[in-house]
Each structure stands twice: as structure tokens, then as C-alpha cells.
Amino acid sequence: MVNNIDKLSELLTEVFLLEPEEFSLELKRADVETWDSLGIVAMAVGIKDEFGYHFTPEEATSIESVQDIITILTSKGITFDG
Amino acid sequence: MTDKPQSWSLDELQQKAERPIAVVASPSTASVARELLPYPHYSTFDAIPQDTAALVVVGGGALMDAAKMYKHQHLPSSQLVAIPSLWGSGAEVSPVVVSTENGKKEFAVDDAFIPDAWVILPDLVKALPEHLAHYGCGDAWSHVLEGALSPLASEELRNEGALLIKEMLTTKLSKDIAWFELSARACRLQSSSSVGLIHGIAHALEPTLRKAHPDDGWGHAKLCSILILPVMKLCQQSSSKWSDFAKAQSIDQQQAEGVWTSLFDQEAFQQLLPHLEANWLSVLRNPLTRTNHAMVRRKDIQFFLAEDFT
């Protein structure tokens, strides 16, 4: 069974067109060229499709790292326990 | 927000256009344009006198975009009046100019590009080939769908989109001048939100297909028309957005899907597929794809290759 960490990893790898080895939980927006304003829109769409949660515009633009995404989703009851 | 463009009748053009007027009409519209517009006509923008106060352009989206850019660069204080020869592109009302540079589609967006007025000339439609009218309808459909479903669309835009879709469902995909107005509204809607994968593919593949199959009439409208059905089916695999939207807005989904099926062309899609596969990464990187209403993945190319859409 795919856990939420794997789902998020796969999703962000797709959204930002990364190679699988480029993804890590420590990844930051500043490290990813495609994490621009359109990347934020695409990420919000993917999060909605995969996790059923729709980021508010404020949340989407405040996210600076993968950890920020996990923090927001965890606060909405989505668990990332591995 | 801008209040441009105004919608003028031919009489209003006569009354409101500043003098001197210069007309540039595409070859296919030239004879009708000469009959209805008793002003000096020029075959190229470069031939227009520099004291022109109103530039009237008659033709399709590409000519209109060229006129918008010419006015912006050379006649910034003149009026621009757009008379579309076909619906679909919405160039007569949009702030976008699309050009092809080194085989790639380039965009410029500025409210200053919006024409001051646009005029519908029903006489232009008489000589319009039926297949071009059909693809023009598909182009308008792609604008309203991607605009209304866009992650950037406001509630107000979604409501306007739903209204427009219902009107389009009652308008046949044929030479009906009602499409001029429907298309203009669809274009305004998508230019206030965004487009998605249909346009991401169309913009990435158009130059390639034109080069590879120069006699098969590949253009933006044909691409958008054919792509609606496969792209909407792909998106429905991962997202319920269309279905939720249609239910909430009382849109007959089956009827809408029937329209997309009428716009689909299996033979043309087969011709397109190898180019789609070869350029899939460019499609994914295209800014238009990145505002699609459902997530698009690398593996999704397999869906297009495997699925039978007939």
C-alpha cells in the first residue's frame, strides 16, 4: 500500500518535473526552478486530486518547502507517519 | 479592468471611427471587405499611411494578432477596429498576441492590445468553409471549458462559464453567426482565468504539425477541437472537477460529451499522436499545461496512446 509520503513524493516529482533522486523531504522552493507561480498552481491542483484538500491562496503562496506542505496537510488531519 | 472593446455595428463604425481610416483585409475576405468598407484598403500593414487614425482589420486570429502588434508598435494613438472572419480565436476581444518565433509559439499579454471596437459582418460567413466554422466552434468550446474549470477561475467566472456552456449546447456546430458572440465571451472568460492541457498541447504541437503535414490544415482551432474529448477524458480519470461543476450548474454532461465527440476526429488524432509522444515533455513544461484543472503526469501520454476515443 502506498503511504502518504510516497504519494507526496511522486506528486511533487511530477508537478515540478524532477528526477526521482532530486526529491527529498528537505527540498525547498528555492532549490527548484519549476516551483514558480505556475508550479504553485499545478501543485495545488495535484494536492487537491491526491489528498482532497484545497490550499487557500495564502497557504499556497506561503509554502517554502516540502515540510511546509506536510505541516499544512497534517493540520487538516492527513497523516505522514511513514 | 478595461471596457474595451466596444461592440459596434457597421453604421457605428461609419460614425465613430476616426479619420483617416485604413483597412487591411485577409485575401479571403478582401472582396466582401471592399464592398462593405468604403475606405482605402492596403494589402500589408507596412503600406498604411502613418497619419492613419483608425486601423480596421478584417480576417482571422493570426492577422488580428499581427494588427494588434502593429498598432502597438507603430500607431499607438490610433483606434483598432477588429472584424473577425471566423469565430474561435477570440483575438478580436483578447489582450493576447500570439506569434511564432523560431518554430515556437510566443505570447504577449497586455490590455493595450485589446482592440477599441469589434464588428460582426454576417456577410463574411457566407463564403466560410464548413470545416473551418466547425473547428472555430471547437476553439470556442475549448476556451470556455478550460477557462471555467481553471484553478484560477473565480466563482463569478465559473458561473459565467456555465451559462455560456448551456448556450453553446443549444447552438449547432455550424455556420451560425451566434458563434461570434459566444466565442468572444469564451475568450474573455479564459483570458480572465487561464487555459490548460488542450492549449498546452495545441501550442506545443501546432508548428510541428504544420511542418510535418503542410496540406492537412493543422491549425490552432483544429487542434483544440480534436483535443477536447481525449483531454477531458484524461482529466476525468484523476479529477471530478468537471463532473462536480456540471452537476452543480445543471449542465447536461452527456450532451456536452456528445458535442466533444462530434468535434473529435480519429484519423487526425492518429496523425497527431506520434508528435504528441515525441513532444510530451515540452507539453508538460508548457506554462498553459501547468494551469490545467487536473494534474497532468508523465505517464499520461500512455492514456492517449492506448485509449480508443471513437
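Residues numbered from 1 in each chain as written. Chains lettered and ligands numbered in written order. Predicted model: local features only at pLDDT ≥ 70, side-chain atom pairs only at ≥ 80, totals over all residues. Heavy atoms only, no water.

Broken down by element type, chain A carries 4 helices and 0 strands. Its helices and strands in sequence order give chain A the pattern α-α-α-α, from N to C terminus. Expected size for 82 residues packed as a compact globule is a radius of gyration near 12 Å; at 12 Å, chain A falls within 12% of this value. Taken across its 82 residues, chain A has 46% of its residues classed as buried. Across chain A, the fraction of contacts at a sequence separation of at least 24, relative to all contacts at a separation of at least 6, is 54%. Accessible area of chain A: about 4300 Å², with a carbon and sulfur share of 52%. For chain A, the centre of its 5 positive side-chain charges and the centre of its 17 negative side-chain charges are spaced 9 Å apart. (Helix = DSSP H or I, 4+ residues; strand = E, 2+ residues; numbered from the N terminus. Rg over C-alpha atoms; globule rule 2.2 N^0.38 Å. Buried < 20%, exposed > 50% of the residue type's maximum accessible area, 1.4 Å probe, protein only. Contact = heavy atoms within 4.5 Å. Areas by Shrake-Rupley, 256 points an atom, 1.4 Å probe, with all protein chains shown as cover. Lys, Arg positive; Asp, Glu negative; His and termini not counted. Charge placed at Lys NZ, Arg CZ, Asp CG, Glu CD.)

Our focus in this paragraph is the overall build of chain B. The number of helices and strands found in chain B is 14 helices and 8 strands. For 310 residues, the compact-globule estimate of 2.2 N^0.38 gives 19 Å, and chain B sits close to it at 19 Å. Considering chain B as a whole, with its 310 residues, one finds that 55% of them fall into the buried category. Within chain B, contacts between residues at least 6 apart in sequence are counted, and of these 76% link residues at least 24 apart. Of the roughly 13200 Å² of accessible surface on chain B, a fraction of 50% belongs to carbon and sulfur atoms. Taking the 26 positively charged and 36 negatively charged side chains of chain B as two groups, their mean positions are separated by 4 Å.

Contact with chain A, which involves 18 residues of that partner, is made by 15 residues of chain B. With both chains or domains summed, chain A and chain B bury close to 1400 Å², and 54% of this area falls on carbon and sulfur atoms. Three residues stand out in chain A for area buried against chain B, namely E14, L17 and L38 of chain A, and they jointly supply 41% of the buried area on that side. Linking chain A to chain B there are 4 salt bridges. At the boundary of chain A with chain B, the tally comes to 8 residue pairs in polar contact (both at pLDDT 80 or more). Those elements giving two or more residues to the side of chain A that touches chain B turn out to be α1 (4-15) and α2 (37-51) of chain A. Ranked by residues supplied to the side of chain A that touches chain B, first place goes to α2 of chain A with 8 residues. Here the residues of the side of chain A that touches chain B sort into 8 nonpolar, 4 polar and 6 charged. (Buried area = accessible area lost by both parts, 1.4 Å probe. Salt bridge = Lys/Arg side-chain N within 4 Å of Asp/Glu carboxyl O. Polar contact = N/O pair within 3.5 Å; in protein donor to acceptor, adjacent residues only side chain to side chain. Nonpolar A, V, L, I, M, F, W, Y, C, P; charged D, E, K, R; others polar.)

So, on to the sheet that holds strand β4 (residues 54-59) of chain B. Residue and element names in this part refer to chain B. In space, the 6 strands of this open sheet follow the order β1-β8-β5-β4-β2-β3, with parallel pairing throughout. For this open sheet the edge positions go to β1 (6-8) and β3 (41-42), each flanked by a neighbour on one side alone. Taken together, the 2 bridges between strand β5 (residues 79-84) and strand β8 (residues 117-119) define a ladder with parallel strand orientation. From the neighbouring strand, A82 faces β8, where its bridge partner is W118. (Pairing = 2+ DSSP bridges.)

What follows concerns the packing of aromatic side chains. Enumeration over the complete set of coordinates arrives at 13 aromatic pairs over all chains. Ring plane angle 65 degrees and centroid distance 5.8 Å describe the contact between F303 of chain B and F309 of chain B, whose orientation is recorded as edge-to-face. The two residues F303 of chain B and F309 of chain B agree in class, both being buried. The rings of F264, F269, W280, F303, F304 and F309 of chain B are connected pair by pair, giving a single aromatic cluster. The lysine or arginine in question, K7 of chain A, covers the ring of F51 of chain A, its NZ or CZ lying 5.1 Å from the ring centre. (Phe/Tyr/Trp six-rings, centres within 6.5 Å; stacked < 30°, edge-to-face > 60°. Lys NZ or Arg CZ within 6 Å of the ring centre and 35° of its normal.)

Residues and elements named next belong to chain B. Tallying each qualifying case throughout the model produces 0 disulfides over all chains. Free of any disulfide, C187 has its nearest neighbouring cysteine sulfur in C224, separated by 11 Å. For C187, a relative accessible area of 1% corresponds to the buried category. Given the relative accessible area of 0%, C224 is considered buried. (Disulfide = S-S within 2.5 Å.)

Our next topic: unusual backbone geometry. With an omega of -10 degrees, the peptide bond running from K4 of chain B to P5 of chain B counts as cis. With an omega of -5 degrees, the peptide bond between R19 of chain B and P20 of chain B qualifies as cis. Within the secondary structure, P20 of chain B sits in the loop between α1 (10-16) and β2 (21-25). Of note, L17 of chain A is a non-glycine position whose phi angle comes to about 50 degrees, a positive value.

Attention now goes to the packing of helix α9 (residues 220-238) of chain B against helix α12 (residues 266-278) of chain B. When two helices pack together, you describe them by how their axes are tilted relative to each other and by the distance separating the axes. Residue and element names in this part refer to chain B. The interhelical angle for the contact between α9 and α12, taken along N-to-C directions, is 95 degrees, at an axis separation of 10 Å. As the angle between them shows, α9 and α12 are arranged roughly perpendicular. Packed against α9, whose contacting residues are K222, L223, I226, L227 and P230, the element α12 presents A268, F269 and L272 at the interface. For the contact of α9 with α12, the per-class residue count stands at 7 nonpolar, no polar and 1 charged. (Axes fitted to C-alpha atoms, helices over the stretch in contact; angles between N-to-C directions. Parallel < 35°, antiparallel > 145°, perpendicular 65-115°, else oblique.)

Residues and elements named next belong to chain B. Within the secondary structure, D139 is located in helix α5 (residues 130-149). Taking the relative accessible area as the measure of exposure, D139 reaches 2% and is therefore buried. Contact partners of D139, with chain neighbours within four places excluded, come to G88, S89, H199, H220, A221, C224 and S225.

Turning next to the domain arrangement of chain B. All names here are of chain B. Its domain assignment divides chain B into domain 1 (6-125) and domain 2 (130-306). For domain 1 versus domain 2, the separation of C-alpha centres amounts to 26 Å. Between domain 1 and domain 2, the contact holds 20 residues from the first and 23 residues from the second. Summing both sides of the interface, domain 1 and domain 2 together bury roughly 1800 Å²; the carbon and sulfur share of this comes to 73%. Linking domain 1 to domain 2 there are 0 salt bridges. (Domains from an automatic or database assignment.)

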